[in-house]
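Chains, contacts and geometry: an overview
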Number of protein chains: 2
Amino acid sequence: MSDTRTTLAIIGTGLIGASIAHGVAASSPEMAVRLFDAAPAVRARAAEVLPGAVCDSLEATVTGADIVIVCTPPGTMGAVGAAMAPFLKPGAIVSDTGSVKGAVVEALAPVLPAHVHFVPAHPIAGTEQSGPDAGFASLFQGRWLIVTPLDRPDPAYQAAVETVAQLWRELGSSVEFMDVARHDLVLAMTSHIPHLIAFSVVATAEDLETVTEGEVVKYSAGGFRDFTRIAASDPTMWRDVFLLNREAVLELLGRVSEDLTALRRAIRWGDGDALFETFTRARRMRREVIEAGQDIDQVNFGRTPPGR
Amino acid sequence: MSDTRTTLAIIGTGLIGASIAHGVAASSPEMAVRLFDAAPAVRARAAEVLPGAVCDSLEATVTGADIVIVCTPPGTMGAVGAAMAPFLKPGAIVSDTGSVKGAVVEALAPVLPAHVHFVPAHPIAGTEQSGPDAGFASLFQGRWLIVTPLDRPDPAYQAAVETVAQLWRELGSSVEFMDVARHDLVLAMTSHIPHLIAFSVVATAEDLETVTEGEVVKYSAGGFRDFTRIAASDPTMWRDVFLLNREAVLELLGRVSEDLTALRRAIRWGDGDALFETFTRARRMRREVIEAGQDIDQVNFGRTPPGR
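All of the points below concern the structure found in this document. Only a predicted model underlies this, so the values are computations on that prediction, with no experimental measurement involved. The residue numbers shown here count from 1 along each chain, following its written sequence. Lettering of chains starts at A and numbering of ligands starts at 1, both following the order in which they are written. In keeping with the predicted nature of the model, local features appear solely for residues at pLDDT of at least 70, side-chain atom pairs appear and are counted solely at 80 or more, and the whole-chain, interface and lining totals rest on all residues. Processing note: side-chain calculations cover all non-hydrogen atoms of the structure and skip hydrogens and water entirely.

Note on conventions: DSSP H or I runs of at least 4 residues are helices, E runs of at least 2 residues are strands, and numbering of each starts at the N terminus. On a plain count of helices and strands, chain A comes out with 12 helices and 9 strands. Both definitions apply: the radius of gyration is a C-alpha atom measure, and the globule rule equals 2.2 Å times residues to the power 0.38. Against the 2.2 N^0.38 benchmark of 19 Å for 308 residues, chain A shows a C-alpha radius of gyration of 21 Å, consistent with a compact globule. Looking at the 308 residues of chain A, the share that counts as buried comes to 58%. Contacts between residues were defined by any pair of non-hydrogen atoms, one from each residue, lying within 4.5 Å. The contacts in chain A between residues at least 6 apart in sequence include a share of 73% that link residues at least 24 apart. Burial here depends on accessible area, computed with a 1.4 Å probe over protein chains only, as a share of the maximum for the residue type. Under 20% is buried, over 50% is exposed, and the range in between is partly exposed.

Shown next as structure tokens:
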């Protein structure tokens, strides 16, 4: 009963929760890790494939835990917080991995007891796959982790922020701090809008597929296949992201639609100069992304030609 | 002077022309290959890095050639055809690699002499890079090559179609035949629309970048980086594609805009079910693309986490 190890509770064993479990097992094997997922089938699978102790209830998972990381879809975080609140020990650190920070802070902060430290965070990492089997230890390696701390200058809170930052550094991430509203605007552009547009274009093509008898899939290597990868991401998580980051997404979507309408007009009027100027401006961004270390510098993402 | 080898003339030494040169050197070393590019600097570079004889004029390149493949931007093909027409020998085969077939056939067919066989073709292969240095022999390996033959049932023409098909098979492609209009509709969906949207979204982000002080690039790994790869493609080529496949692109863009507007409304009204349904439908397409052998079955395209 005198276990002095840090106890980490991971709530939600999808791609992110599962990857944290693998990563901590590799980088901080001295930590005691507990896992929980609300879905019994997912929980059973987590018990088979993930390191750590899978618990049968939220209460058993968080009771006595030093750090609790909520990795459930953003729309569920308020309810998860309320359900676990009675069992959180004084001084416990609660963090999350939500892709939206404003709405998650609004939902979680009020339901957590005053005696815990809430440190909102967001790893800029992921794949198009989901569930416990999708997790892997190196997911966060060389990726950004954004912390959006509450406005609480007391040393105990600042120490909690540092504990969370350090945990992510040990998973291989570089930690940055950001204002909640700025996070939600920047991520709307870098992540939410590209996903929404990929989902939309692929769904349009799916409708059209009845007309083209499979030819959209057959000839998808011309560019469309890249959109299908993004559109393969978890529908539940993304539904929540768009509902919860509504304001920033709608604002940017307005800009995107305007710019697309301008290109449409340029095509209709045969204005090749306008097209060329836009395309040239867009092209420059690729070099910047590679120079920033955010993508590999290999043609076609290094894909080898797949056989058929 | 009694050279009985087949002479292949490649006009345009960008990504596609250069890759054909490399591919033919590897698969059909018995062919005599001649290369030409209208830009002197590109031509000089082609002479340094490509197998085959780089000629100083279009006339020298096509005179006596058995097969001529025009690999220039689609908007230039009519002019190239007219310029080389006087020098084409009777029975020569003229083919092209244009991403648009309707407009290219309309531009090329009338300017070519009646004594040559024009076989329009389009390899569904490419990367985001351009120029002679971008070419490599395996670009067409395991990829589709679409031939859109003219309506000419005479055996000499049919033999020319088969010669072109065989040349591409030797480069590793699988050859399919298609109607011109259908090609332009299917490719608008699988290639032209994804490129237009990627160009547009990346250009929007580039505008916004002044506001976000580099943060869009910094956090681009959330999805945006994939759009920048597509948007890195050659602006000249793509300008021509949109101008020349205007009808199909505008029609599909109308559908895409409608569907995006519907998603926008669903976000505004908080209609999570509509979002979830669309995302789930889109997700299914990924599996189909992988099963069709059009992309690799590895998370994140098999990208390893880039260091920083």
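In this section: the interface of chain A and chain B. Taken together, the contact pairs 109 residues of chain A with 109 residues of chain B. Buried area between chain A and chain B, summed over both chains or domains, comes out near 11,100 Å², and the portion from carbon and sulfur atoms is 66%. Salt bridge criterion: a side-chain nitrogen from Lys or Arg within 4 Å of a carboxyl oxygen from Asp or Glu. For the pair chain A and chain B, the number of links is 14 salt bridges. The salt bridge involving Arg284 of chain A is made with Glu206 of chain B; its shortest N-O contact spans 3.3 Å. In protein, a polar contact requires one atom able to donate a hydrogen and another able to accept it; more generally it is a pair of N or O atoms within 3.5 Å, and residues adjacent in sequence count only if both atoms are side-chain atoms. Seen at the junction of chain A and chain B, the total is 44 residue pairs in polar contact (both at pLDDT 80 or more). Sorting the residues of the side of chain A that touches chain B by element identifies β8 (144-147), β9 (174-177), α7 (180-212), α8 (215-218), α9 (224-230), α10 (235-244), α11 (246-268) and α12 (272-291) of chain A as the ones contributing at least two each. With 21 residues, α7 of chain A is the largest single contributor of residues to the side of chain A that touches chain B. By residue class, the composition of the side of chain A that touches chain B is 49 nonpolar, 32 polar and 28 charged. Buried area is understood as the total, over both parts, of accessible area removed when two parts are fitted together, assessed with a 1.4 Å probe. Just so you know the grouping, Ala, Val, Leu, Ile, Met, Phe, Trp, Tyr, Cys and Pro go in nonpolar, Asp, Glu, Lys and Arg go in charged, and all remaining residues, Gly too, go in polar.

Let us look at the sheet that holds strand β1 (residues 7-11) of chain B. Residues and elements named next belong to chain B. Following DSSP output, two strands are said to pair if at least two bridges run between them. Reading across the sheet, the 6 strands line up as β3-β2-β1-β4-β5-β6 and stay open at both edges, with parallel pairing between neighbours. The two strands at the open ends of the sheet, each matched to only one other strand, are β3 (53-54) and β6 (117-119). Examined bridge by bridge, strand β4 (residues 67-70) and strand β5 (residues 93-96) share 4 bridges and lie parallel to one another. Bridge pairing in β5 places Val70 opposite Asp96. The strands that helix α1 (residues 15-27) touches are β1, β2 (32-36) and β4; relative to β1, the one it contacts most, it runs at about 155°. Throughout, an axis means a line fitted to C-alpha atoms (over the contacting stretch in the case of helices), and angles, computed between N-to-C directions, take values from 0 to 180 degrees.

All names here are of chain B. Pairing is mixed across the open sheet formed by 3 strands, whose spatial order is β7-β8-β9. Looking at which strands have only one partner, the edges of the open sheet turn out to be β7 (121-123) and β9 (174-177). Adjacent strand axes in the sheet meet at a mean angle of 20°, parallel and antiparallel pairs treated alike. In the sheet, strand β8 (residues 144-147) pairs with β9 via 4 bridges, with the strands oriented parallel. Residue pairing across strands places Leu145 opposite Val175, the latter belonging to β9. Running over the sheet, helix α6 (residues 155-170) touches β7, β8 and β9 and is turned about 145° from β9.

Turning our attention to the relation of the copies chain A and chain B. Residues reaching a pLDDT of at least 70 in both copies supply the C-alpha atoms on which the copies are superposed by least squares. Under the fitted operation, chain A is carried onto chain B by 0.0 Å of movement along the axis and a turn of 180°, and the coordinates agree to an RMSD of 0.0 Å. The relationship between the two copies is best expressed as a two-fold rotation axis. Comparing contact sets, 100% of the residues at the interface of chain A also lie at the interface in chain B, consistent with an isologous, same-surface contact.

Nothing here speaks to function; it is all geometry.
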